[in-house]
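Architecture at a glance
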Amino acid sequence: MRAIAISEPGAAPVPMRLPVMEPGPGEALVRLFAAGLNPADWKIADGMLKDTVPYSFPLILGLDGAGVVDATGPGARFPVGEQVFGRFFGVPRGQGTYAEYTIAGADDAVVPMPEGMLYTEAAALPTAGMTALTAVEEAGIEAGSDAEVLVVGATGGVGQPTVRLAASRGARVVATARPDAAGRMRELGAADVVDYGGGDLKELVRAARPDGLDAIIDLVGDRGEVERLAGLLRPGGVYVSTVWAVNPDSLDARNVRGVNLDYTPTPELLERVVGLVADGAMEITIEAEVSLEEAPAAIARSRSGGARGKTVIRP
């Protein structure tokens, strides 16, 4: 089968021809029609998990995908022919989703596709949707909220569903975005948009919210940026970082709660995301669709930042 894989940690992702996997007990072999690109994919390629999870090489990249069950092992959750999608965690075994086939493990966050959902939408949704939902709830934004919330990195694949979900729950969202993306942020429900390239971000946000913020959901900022922006939070506020840039002890000294987002992807969590999309409370934007052979170039673009939604790979 065709795949995009690496031969060792830090190696450049390249097209390869590899054998189709065989499903074991509780597993299903899925023929993929779309895979979602996430920054975690190239971070894993760089060795992000090498000290905690044994890697197997060649290592096919990709966590998110959508397709049809082609074969099953004993006790598999899905029958042959079932359309499924989700987050497949076969990457450490070398079985990612940038390929024509992958394996759905017994415990993977993989569920049947809802009727009418496109493969591309399904592949773009799992990691972005589950991360957005978890981040919004860690920030304490529940239905009927009137919280003042800043979303940093709002135009990216996780940022856009985060803005939409927080706004749908009643939060007054300040989104960081360049001017050409401001209209999209407002469509998603942002009350204000600040140009992160237009000056000192902290002062720009302070001008938009002079009375302070209740929560910051930061998808991109480093530790120095976190320490600066945390000064915008009211006492008792919360700072959620999806890239683990928060020093909780430092923020605690300011009477602010710091959270480095960590969660376990599960079928139940993904089903909640599906429900939010169906209700219009969450929305995934697909920025680009590329072929499998174009995936290495798409990974390079992801590394450079500035995403305006999700990139989907079509095997």
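In this report, the structure presented in the accompanying data block is examined. Remember, it's a predicted structure, so these values are computed and weren't measured experimentally.

**Observations concerning helix H4 (residues 159-168)**
An α-helical turn contains 3.6 residues, so a residue and the one three or four places further along point in the same direction. Within H4, 8 of the 10 residues are buried, which leaves it mostly tucked inside the rest of the structure. Within the span of H4, buried status applies to Gly159, Gln160, Pro161, Thr162, Val163, Leu165, Ala166 and Ala167. Contact partners of the buried residues in H4: helix H3 (126-138), strand S9 (148-152), strand S10 (172-176), helix H5 (182-187), strand S12 (213-218) and helix H9 (267-279). Immediately beyond the C-terminal end of H4, within one or two residues, lies Gly170, with a positive phi of roughly 105°.

**Focus: the sheet that holds strand S14 (residues 257-260)**
The 6 strands lie next to each other as S11-S10-S9-S12-S13-S14, forming an open sheet whose pairing is parallel. Each having just a single partner strand, strand S11 (192-194) and S14 make up the two edges of the open sheet. Across the sheet, the mean angle separating the axes of adjacent strands is 15° when strand polarity is ignored. Judged from the 4 bridges that link them, S9 and S10 form a sheet pairing that is parallel. Bridge assignment links Glu148 to a residue of S10, and that residue is Arg172. Running at roughly 165° to S10, H4 makes contact with S9, S10 and S12 of the sheet. Taken strand by strand, helix H6 (residues 201-208) contacts S9, S10, S11 and S12, and its axis lies near 160° from that of S11.

**Considerations on unusual backbone geometry**
Across the junction of Phe57 and Pro58, the peptide omega takes the value 0°, indicating a cis bond. Residue placement: Pro58 occurs in the loop between helix H1 (39-45) and strand S4 (59-60). Positive phi, close to 60°, is recorded for Trp244, a residue that is not glycine. With respect to the helices and strands, the residue Trp244 is situated in the loop between strand S13 (233-241) and helix H8 (248-252). Of note in this structure, Asn255 is not a glycine but carries a positive phi near 65°. Structurally, the position occupied by Asn255 is in the loop between H8 and S14.

**Description of the nonpolar core**
The biggest cluster of nonpolar side chains holds 56 residues, and the ones touching the most others in it are Phe85, Ile141, Val163 and Met185. The biggest single contributor to this core is H3, with 6 residues. If near-sequence neighbours (up to four positions away) are discounted, Ile141 is found in contact with Val136, Val149, Ala166, Arg169, Ala171 and Ile217. Counting residues in each nonpolar core, the second largest holds 32 residues, with Ile6, Ile103, Leu292 and Ile313 among its members.

**Details of the packing of H3 against H4**
Put simply, H3 and H4 touch, their axes get as near as 9 Å, and they point 45° apart. Compared by their axis directions, H3 and H4 come out oblique. Here H3 and H4 pass one another in a crossing that is right-handed. On H4, the residues touching Ala128, Ala132, Leu133 and Val136 of H3 are Pro161, Thr162, Leu165 and Ala166. Across the contact of H3 with H4, the residue classes break down as 7 nonpolar, 1 polar and no charged.

About the criteria used
- Residues numbered from 1 in each chain as written.
- Predicted model: local features only at pLDDT ≥ 70, side-chain atom pairs only at ≥ 80, totals over all residues.
- Heavy atoms only, no water.
- Buried < 20%, exposed > 50% of the residue type's maximum accessible area, 1.4 Å probe, protein only.
- Helix = DSSP H or I, 4+ residues; strand = E, 2+ residues; numbered from the N terminus.
- Contact = heavy atoms within 4.5 Å.
- Pairing = 2+ DSSP bridges.
- Axes fitted to C-alpha atoms, helices over the stretch in contact; angles between N-to-C directions.
- Core = buried A, V, L, I, M, F, W, Y, C linked by side-chain atoms within 4.5 Å.
- Parallel < 35°, antiparallel > 145°, perpendicular 65-115°, else oblique.
- Left-handed = near helix turned anticlockwise from the far one by under 90°.
- Nonpolar A, V, L, I, M, F, W, Y, C, P; charged D, E, K, R; others polar.

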